[in-house]
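# Inside the fold
Residue-level listing of the chains:
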Amino acid sequence: MSFAANKMPCYNASNFLEATLQSSLDKMDERDLLVLVGDHSKDQSPIDVTQFLSQSGINFTTTRNQSKGACAAYNHALFISKNPWTQWPNPDNILGKDKLKEQEFRLAGNPNFISG
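These remarks concern the structure in this document. Keep in mind that this is a model prediction, so the values were computed, not measured.

Another point: the overall build of the chain. In terms of regular secondary structure, the chain is built from four helices and four strands. The N-to-C order of helical and strand elements in the chain reads β-α-β-α-β-α-β-α. Over its C-alpha atoms the chain spans a radius of gyration of 14 Å, differing by no more than 12% from the 13 Å that the globule rule assigns to 116 residues. Partitioning the contacts of the chain with sequence separation of at least 6, the portion at a separation of at least 24 is 75%. For the chain, the accessible area works out to roughly 6900 Å², and carbon and sulfur atoms hold 53% of it. Between the mean site of the 11 positive side-chain charges and the mean site of the 12 negative ones, the chain shows a separation of 6 Å.

Next up on the list: the pairing of strand β2 (residues 33-38). Burial runs high along β2: six of the six residues are buried. Burial along β2 is two-sided: the residues L33, V35 and V37 and L34, L36 and G38 are all buried. In terms of strand pairing, β2 meets strand β3 (residues 60-64) through five bridges, oriented parallel. Its bridge partner being in β3, V37 is matched across the sheet by T63. Between the parallel pair β2 and β3, the chain is carried across by helix α2 (residues 45-54), and the sense of this crossover is right-handed.

This paragraph deals with the nonpolar core. Of all hydrophobic cores here, the largest spans twelve residues; its members are M8, C10, A13, L17, L21, L25, M28, L34, L36, V49, L53 and I58. Taken together, the elements giving at least two residues each to this core come down to β1 (4-10), α1 (14-25), β2 and α2. Considering every element that reaches this core, the biggest residue donor is α1, with three residues. Leaving out residues up to four positions away in the same chain, I58 has contacts with L25, M28, D29 and L53. Among the nonpolar cores identified, the runner-up in size contains five residues, and V35, V37, A73 and A77 belong to it.

Taking 1.5 Å per residue as the helical rise, α1 with its twelve residues ought to reach 16 Å, and the 17 Å between its terminal C-alpha atoms agrees with that figure. Along α1, the residues that are buried comprise L17, T20, L21, S23, S24 and L25.

The subject of this paragraph is the environment of D26. Inspection of the secondary structure puts D26 in the loop between α1 and β2. In this structure D26 comes out as exposed when scored by relative accessible area, which is 54%. Residues D26 and L95 lie 69 residues apart in sequence; the distance between their C-alpha atoms is 9.3 Å. Within the local environment of D26, its side chain forms a polar contact with the side chain of Q22, the two groups lying 2.7 Å apart.

Attention now moves to helix α4 (residues 99-108). Those residues of α4 that fall on the buried side of the exposure criterion are L100, Q103, E104 and L107. The buried residues of α4 occupy an angular sector of 100 degrees when projected down its axis, which confines them to one face. Away from the buried face of α4 by more than 90 degrees, exposed residues K101, F105 and R106 are located.

Cut-off values and rules
- Residues numbered from 1 in each chain as written.
- Predicted model: local features only at pLDDT ≥ 70, side-chain atom pairs only at ≥ 80, totals over all residues.
- Heavy atoms only, no water.
- Helix = DSSP H or I, 4+ residues; strand = E, 2+ residues; numbered from the N terminus.
- Rg over C-alpha atoms; globule rule 2.2 N^0.38 Å.
- Contact = heavy atoms within 4.5 Å.
- Areas by Shrake-Rupley, 256 points an atom, 1.4 Å probe, with all protein chains shown as cover.
- Lys, Arg positive; Asp, Glu negative; His and termini not counted.
- Charge placed at Lys NZ, Arg CZ, Asp CG, Glu CD.
- Buried < 20%, exposed > 50% of the residue type's maximum accessible area, 1.4 Å probe, protein only.
- Pairing = 2+ DSSP bridges.
- Right-handed = clockwise from strand over helix to strand, strands pointing away.
- Core = buried A, V, L, I, M, F, W, Y, C linked by side-chain atoms within 4.5 Å.
- Expected span 1.5 Å × (residues − 1).
- Polar contact = N/O pair within 3.5 Å; in protein donor to acceptor, adjacent residues only side chain to side chain.
- Arc of directions from axis to C-beta.

Written out as structure tokens, the structure is:
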């Protein structure tokens with residue numbers, strides 16, 4: 001996979017984060033970046049994310065975008081990372097085994113296309 005970023009809001013998602021993060025990590029390499037934006041979470045999501053990712057060896061950043069909502073969290077993550085490929089999973093999404101590889105293949109020859 002090319003230099004990519006997975007960007008997701010981190011809001012009250014402690015019950016799902018480990019599976020979601022692992023599904024992203026399984027598809028990432030050392031050039032990739034995982035950006036998580038905390039937005040007024042009332043559970044332990046920000047702490048859980050930091051603990052889990054600190055042991056993963058993957059390049060990641062966590063930040064806060066206090067009380068602005070999921071759309072603002074995605075925009076904040078986009079501002080942080082300038083990677084050419086972007087994935088926008090929700091904190092309770094599990095990515096399919098070949099999802100990112102196939103998405104990259106389909107978009108490589110079509111720079112004006114957007115894929116979700």
